[in-house]
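Chain residues, written in single-letter form:
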Amino acid sequence: MWSAIGDPTRRTMIDLLLADGPGTATSLSRRLPVTRQAVAKHLAVLDRVGLIHGEPAGRERHYQVDEAQLARAVAQLSAVGATWDARLRRIKRIAETIERDRQNSEGD
């Protein structure tokens, strides 16, 4: 899922589907700087990981965001972000302690 979300084009597609509602590869390709075929491949990746679902509609598929799956992904990303924030705070404290100890030893 993370590699699917990691692609900027796919994130833009999710944003468009959230803002405008269901869309097709054709309708999305009009708003993106990639071909319809590239959009279809990106949609297939997002569908495979469950972030969107496509329903057949004539010759095309209408895709919409699975908001529950997206919410789970956002929660996981927030948890990862919080973990990294805590690690970075610990690293900062260690670096500040090292710097303070270095300055104190130079002053002796």
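Keep in mind it's a predicted model, so treat the numbers as computed, not measured.

Caption draft 1: How the structure looks around the nonpolar core. By size, the foremost hydrophobic cluster in this structure holds 19 residues, and its most contacted members are Met13, Leu28, Val39, Leu43, Leu46, Leu51 and Ile52. Among the secondary structure elements, those contributing two or more residues to this core are α1 (2-6), α2 (8-20), α3 (25-29), α4 (36-48), β2 (60-65) and α5 (67-107). When residues no more than four places from it in sequence are discounted, the contact partners of Leu28 are Met13, Leu16, Leu17, Val39 and Leu43.

Caption draft 2: Local environment of the packing of aromatic side chains. Inspection of the entire model under this criterion finds zero aromatic pairs. In this structure, Arg87 packs its charged tip against the face of Trp84, placed 4.7 Å from the ring centre.

Caption draft 3: Region of the structure containing the pattern of salt bridges. Going through the model one piece at a time under the given rule, you end up with five salt bridges. Glu60 is the salt-bridge partner of Arg36, the closest N and O atoms lying 3.3 Å from each other. With a gap of 24 residues between them, Arg36 in helix α4 and Glu60 in strand β2 connect regions that are remote in the sequence. Classification of Arg36 by relative accessible area gives partly exposed; the value is 35%. Between Glu106 and Arg102 there is a salt bridge, with its nearest N and O atoms 2.4 Å apart. One end of the pair, Glu106, and the other, Arg102, are both in helix α5, four residues apart, so they sit about a helical turn from each other. Using a relative accessible area of 37% as the deciding quantity, one classes Arg102 as partly exposed. What you see here is one network of salt bridges that share partners, running through Glu99, Arg102 and Glu106.

Analysis parameters
Residues numbered from 1 in each chain as written. Predicted model: local features only at pLDDT ≥ 70, side-chain atom pairs only at ≥ 80, totals over all residues. Heavy atoms only, no water. Core = buried A, V, L, I, M, F, W, Y, C linked by side-chain atoms within 4.5 Å. Buried < 20%, exposed > 50% of the residue type's maximum accessible area, 1.4 Å probe, protein only. Helix = DSSP H or I, 4+ residues; strand = E, 2+ residues; numbered from the N terminus. Contact = heavy atoms within 4.5 Å. Phe/Tyr/Trp six-rings, centres within 6.5 Å; stacked < 30°, edge-to-face > 60°. Lys NZ or Arg CZ within 6 Å of the ring centre and 35° of its normal. Salt bridge = Lys/Arg side-chain N within 4 Å of Asp/Glu carboxyl O.

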